[in-house]
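Structural overview
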Amino acid sequence: MAMMHIPAVDQTFLLLLIIFCLGTCLVRAFWELEQARARRIAPPSRTTKRD
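Rules and cut-offs
- Every chain is numbered on its own, with residues counted from 1 as its sequence reads.
- Given that the model is predicted, a residue must reach a pLDDT of at least 70 before its local features are reported, and side-chain atom pairs must reach 80 or more before they are shown or counted; all residues, however, enter totals for whole chains, interfaces and linings.
- Hydrogens and waters are ignored; side-chain quantities use all the structure's heavy atoms.
- By the criteria applied, helices consist of DSSP H or I runs no shorter than four residues and strands consist of E runs no shorter than two, each listed in order from the N terminus.
- In this scheme, a residue with accessible area under 20% of its type's maximum is buried, one over 50% is exposed, and one in between is partly exposed, where area comes from a 1.4 Å probe on protein chains only.
- Method for areas: the Shrake-Rupley scheme with a 1.4 Å probe, in which residue coverage is limited to the protein chains shown.
- Take a side-chain nitrogen of Lys or Arg and a carboxyl oxygen of Asp or Glu: if they are within 4 Å of each other, that pair is a salt bridge.

Assigned secondary structure in the protein consists of one helix and zero strands. Per-residue burial for the protein yields a buried fraction of 0% across its 51 residues. Carbon together with sulfur atoms contributes 70% to the accessible area of the protein, which is approximately 5,400 Å² in total.

This is the structure we're talking about:
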């Protein structure tokens with residue numbers, strides 16, 4: 001497999017771009033999971049008994 005010669009600045013930029021995209025995806029996935037968990041937990045906790 002022939003490797004293309006990419007200047008170091010471009011490699012750094014591409015690496016940062018990939019890390020940014022993956023980080024954004026992970027944060028979004030975590031946020032969606034937390035929202036789903038909050039929706040699942042919220043209805044029972046809203047019904048508070050007042051004695």
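Having seen the structure, we can now continue with the description.
Turning our attention to the pattern of salt bridges. According to the stated counting rule, one finds one salt bridge in the structure shown. Across the pair Arg-37 and Glu-34 runs a salt bridge whose closest N-O atoms are separated by 2.8 Å. Remark: Glu-34 and Arg-37 occur in helix H1 (residues 8-46); sequence separation between them is three residues, near one turn of the helix.

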